[in-house]
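# Observations on chain architecture
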Amino acid sequence: MTETSLLRLLSAGSSRRFAEPGVKPNYASSRTVRISHIDLSLVIEPVEHTFTGQATLHVEPLLLHRGTATFDLDEVVVDSVVDGAGEPMDFHHANGVLEVDRVEGPTKITVAWHGENPTRGLYFTGPKASAPDRQHM
């Protein structure tokens, strides 16, 4: 490729100059709340390849907020969602997104979940044929 053809390609006006062919744009979702603090508890069972967690999120609605707070939460089963007083909150969890309804003003939201054999973010290792003495981690 000549320098002239490379310059022509770069000046073609494409905003996706460096994207691989077939890769679709992936934009962050619009935030409706600000998380000011997270209290997190996580229990990992390496032998069983399971985990349980609980997070208390201190949130403050932003200008775009319309009553529903949306969080990314993938590869888990949500057990409960409660407010700062411990009262159950309405929520919907599907396709890696947790939506919590009726979030008004600064508040705390506590989410409890569990999962097993995640495919990313948390990895379990242990004995296998080539390393029978490897510890569970």
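Above this note sits the structure.
Residues numbered from 1 in each chain as written. Predicted model: local features only at pLDDT ≥ 70, side-chain atom pairs only at ≥ 80, totals over all residues. Heavy atoms only, no water.

The next subject is the environment of Leu-63. By the secondary structure assignment, Leu-63 is in the loop between strand S2 (50–61) and strand S3 (69–72). For the pair Leu-63 and Arg-31, spaced 32 residues apart in sequence, the C-alpha separation works out to 9.6 Å. (Helix = DSSP H or I, 4+ residues; strand = E, 2+ residues; numbered from the N terminus.)

Think of a sheet as strands paired side by side through backbone hydrogen bonds, with each pair either parallel or antiparallel. The 4 strands are arranged S1-S2-S7-S4 in an open sheet whose pairing can be described as antiparallel. Where the open sheet ends on each side, the last strands, each with one partner, are strand S1 (33–45) and strand S4 (77–83). Along the sheet, successive strands turn relative to each other by an average axial angle of 15°, direction set aside. Relative to S2, S1 is paired through 12 bridges, and the arrangement is antiparallel. Residue Val-43 lies in a different strand from S2, and its bridge partner there is Thr-52. (Pairing = 2+ DSSP bridges. Axes fitted to C-alpha atoms, helices over the stretch in contact; angles between N-to-C directions.)

Here we take up the environment of Pro-118. As for its position among the elements, Pro-118 is in the segment after strand S7 (107–116). For the pair Pro-118 and Phe-51, spaced 67 residues apart in the sequence, the C-alpha separation amounts to 9.3 Å. Ignoring sequence-local partners within four residues, the contact set of Pro-118 consists of Phe-51, Glu-75 and Phe-124. (Contact = heavy atoms within 4.5 Å.)

Turning to the pattern of salt bridges, a few remarks are in order. Scanning the entire structure with this criterion turns up 4 salt bridges. Across the pair Glu-60 and Arg-34 runs a salt bridge, and its minimum N-O distance is 3.3 Å. Here Glu-60, found in strand S2, pairs with Arg-34, found in strand S1; they are 26 residues apart in sequence, far enough to count as distant. Given a relative accessible area of 32%, Glu-60 falls into the partly exposed group. Given a relative accessible area of 37%, Arg-34 falls into the partly exposed group. (Salt bridge = Lys/Arg side-chain N within 4 Å of Asp/Glu carboxyl O. Buried < 20%, exposed > 50% of the residue type's maximum accessible area, 1.4 Å probe, protein only.)

Right, let's talk about the side chain of Thr-32 for a bit. Mapping Thr-32 onto the fold places it in the loop between helix H1 (3–10) and S1. For Thr-32, the side chain forms a polar contact with the main-chain oxygen of Thr-68, separated by 3.3 Å. (Polar contact = N/O pair within 3.5 Å; in protein donor to acceptor, adjacent residues only side chain to side chain.)

Spatially, the 3 strands line up as an open sheet ordered S3-S6-S5, and their pairing is antiparallel. Two strands lie at the open edges of the sheet, namely S3 and strand S5 (91–94), each paired on one side alone. Shown here is a sheet whose adjacent strand axes are inclined to one another by a mean of 15°, direction ignored. As defined by bridge partners, S5 adjoins strand S6 (residues 97–100) across 4 bridges and the pair is classed as antiparallel. When the bridges of S6 are listed, Phe-91 appears paired with Val-100.

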